[in-house]
Amino acid sequence: MSKTVPVRVVEVHTDGGFDWGDAAVGAATVVAVAAIGAGAFLARRHVLTCLLGIALVVATAGAAQAKQAPGEWGPVASVPFNVPDAQDGCPIESPDGRSLYFASTRTGGQGGIDIWAAHRDSKDAPWGVPENLPAPINSVSDDFCPTPTRGGRLFFVSRRTIPGACGMGDIYLTRLNPATGWEDLRHLACREDGGPNTGLDEQGPSYVRTGGPSLYYSSGPDIYVSERHGDGSFGPGSPVEELNSSSMDIQPNVRRDGREVVFASNRLGTLGGQDIWVSTRKGPNDSWSTPVNLGGSVNTTAGETRPSLSWDAETLYFGRAPGAPSTADIWFTTRDR
């Protein structure tokens with residue numbers, strides 16, 4: 001029986017961005033590549049993939065796996081920039097931990113729900129005053145569920161009406177160019193055209209490279225996953241059966257190593273409204289475990305929504321509606337590793 005070992009892969013983009021990812025390859029492949037040398041390069045269109053120092057990488061990946069066991073979540077606290085009488089939610093931290101993106105109905109936006117971002121000088125510094133993101137991200141329509149990724153890219157959902165829009169909220173992608181600002185939007189294709197967007201609301205896009213580049217998201221009441229093709233496009237979504245139920249299962253966020261997912265659900269066992277649930281798996285291509293409610297240390301009788309894990313998976317952000325449906329705040333908790 002063949003065996004696989006984990007390796008760490010870096011993908012370098014010709015536009016200056018890069019991504020780290022994990023992969024599982026056959027042990028014979030590792031031996032063959034190691035014999036060739038650590039400078040083996042595989043070029044594909046605009047992406048350059050290199051396997052770096054196989055022996056060292058395997059050891060590093062093994063050490064990282066030893067730290068995967070999640071600890072208990074601590075006390076919950078609210079972020080300092082929540083606004084009374086506004087809906088603040090959809091929080092998610094940038095990979096470098098220095099920006100917190102979120103959606104809000106606060107004043108100063110371009111209309112409806114807008115995407116905002118608070119910044120800080122370091123991961124231990126306090127958050128600054130949130131700023132409203134400019135066009136083409138925000139519009140007079142609802143723009144929400146931001147998801148920053150490596151390389152300055154930003155997935156988000158918008159209900160704007162444009163030629164080719166699939167229905168309600170569709171997933172879009174843009175990139176922050178350090179010299180010229182946010183680039184023109186890329187609308188992910190509709191399902192009938194081979195893409196993930198549908199006539200329903202898509203929510204909570206979560207891009208993960210480990211185990212093969214893919215995009216997790218919810219469409220209507222279920223969670224789906226879409227594979228990224230070699231040309232950068234995304235295919236139609238497939239339901240993630242282990243995470244879905246007969247209730248509303250939405251807004252997934254997958255840990256960067258692909259081994260843990262948090263999402264919101266009102267399935268049987270909720271403490272009230274939407275609760276945050278978690279599922280894990282041994283490897284990035286294994287099946288997800290039966291979801292577990294995070295319990296009273298995080299969830300309440302109010303509705304908890306759009307949870308997200310920080311890049312180091314030590315902080316969990318989420319939205320909470322404290323009662324009236326017109327108001328919501330952003331909360332967070334940390335755990336030991």
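Note on numbering: residues in each chain are counted from 1, in written sequence order. The predicted origin of the model limits local features to residues at a pLDDT of at least 70 and limits the giving and counting of side-chain atom pairs to 80 or more, whereas totals for whole chains, interfaces and linings rest on all residues. Based on all heavy atoms of the structure, the side-chain values leave hydrogens and waters out of the count.

J.: I'd like to hear about the nonpolar core, residue by residue, with values.
T.: We define the nonpolar core as a collection of buried residues of types Ala, Val, Leu, Ile, Met, Phe, Trp, Tyr and Cys that are connected through side-chain atoms lying within 4.5 Å of one another. Between buried and exposed lies partly exposed: a residue is buried under 20% and exposed over 50% of the maximum accessible area for its type, with that area taken using a 1.4 Å probe on protein chains only. Core analysis: the biggest nonpolar cluster contains 14 residues, and Phe155, Ile171, Leu188, Leu215 and Phe234 have the highest contact counts within it. Helix and strand assignments come from DSSP, with helices taken as H or I runs of at least 4 residues and strands as E runs of at least 2, each series counted from the N terminus. Those elements giving two or more residues to this core turn out to be β10 (143–148), β11 (153–158), β12 (170–177) and β16 (214–219). Contact criterion: two residues are considered in contact whenever any of their non-hydrogen atoms come within 4.5 Å of each other. Excluding anything up to four places from it in sequence, Phe155 contacts Cys145, Pro146, Thr147, Thr149, Ile171, Tyr172, Leu173, Pro205, Tyr207, Leu215 and Phe234.

J.: Tell me what's going on with the side chain of Asp249, and back it up with residues and numbers.
T.: Counting through the fold element by element, Asp249 comes out in strand β19 (residues 249–254). Residues in contact with Asp249, not counting those within four places in the same chain, are Ser218, Pro221, Asp222, Ile223, Leu243, Asn244, Phe263, Ala264, Ser265 and Arg267.

J.: Describe the environment of Trp288, and please don't skip the residues or the numbers.
T.: Assignment of secondary structure puts Trp288 in the loop between β21 (275–280) and β22 (292–293). Residue Trp288 is classed as buried on the basis of its relative accessible area of 7%. Considering only alpha carbons, one finds Trp288 and Glu260, 28 residues apart in sequence, at a separation of 8.4 Å. The contacts of Trp288, once residues within four sequence positions are left out, are Tyr216, Val240, Glu242, Leu243, Val254, Gly258, Arg259, Glu260, Val261, Ser279, Thr280 and Arg281.

J.: How would you explain the environment of Tyr207 if you had to name every residue and give the values?
T.: Summarising the element assignment, Tyr207 is placed in strand β15 (residues 202–208). Put simply, Tyr207 and Tyr217 are 10 residues apart on the chain and 8.8 Å apart in space, counted from C-alpha to C-alpha. Looking at Tyr207, its side chain comes within polar contact range of the side chain of Arg209, at 3.4 Å. Within polar-contact distance, the side chain of Tyr207 engages the side chain of Arg228 at 3.0 Å. Two N or O atoms count as a polar contact when they lie within 3.5 Å, although within protein this holds only if one can serve as hydrogen donor and the other as acceptor, and sequence-adjacent residues are included solely when both atoms are side-chain atoms.

J.: Explain the sheet that holds strand β8 (residues 114–119) to me, and be specific about the residues and the numbers.
T.: Hydrogen bonds between backbone atoms are what pair the strands of a sheet, whose relative direction is either parallel or antiparallel. Here 4 strands make up an open sheet; going across it, the order is β6-β7-β8-β9 and the pairing antiparallel. Strands with a single pairing partner mark the edges of an open sheet, and in this sheet they are β6 (88–93) and β9 (131–132). Two strands pair under a simple rule: DSSP has to find at least two bridges between them. Where strand β7 (residues 99–104) and β8 come together, 6 bridges link them in antiparallel fashion. The residue bridging Ser99 from the neighbouring strand is His119, located in β8.

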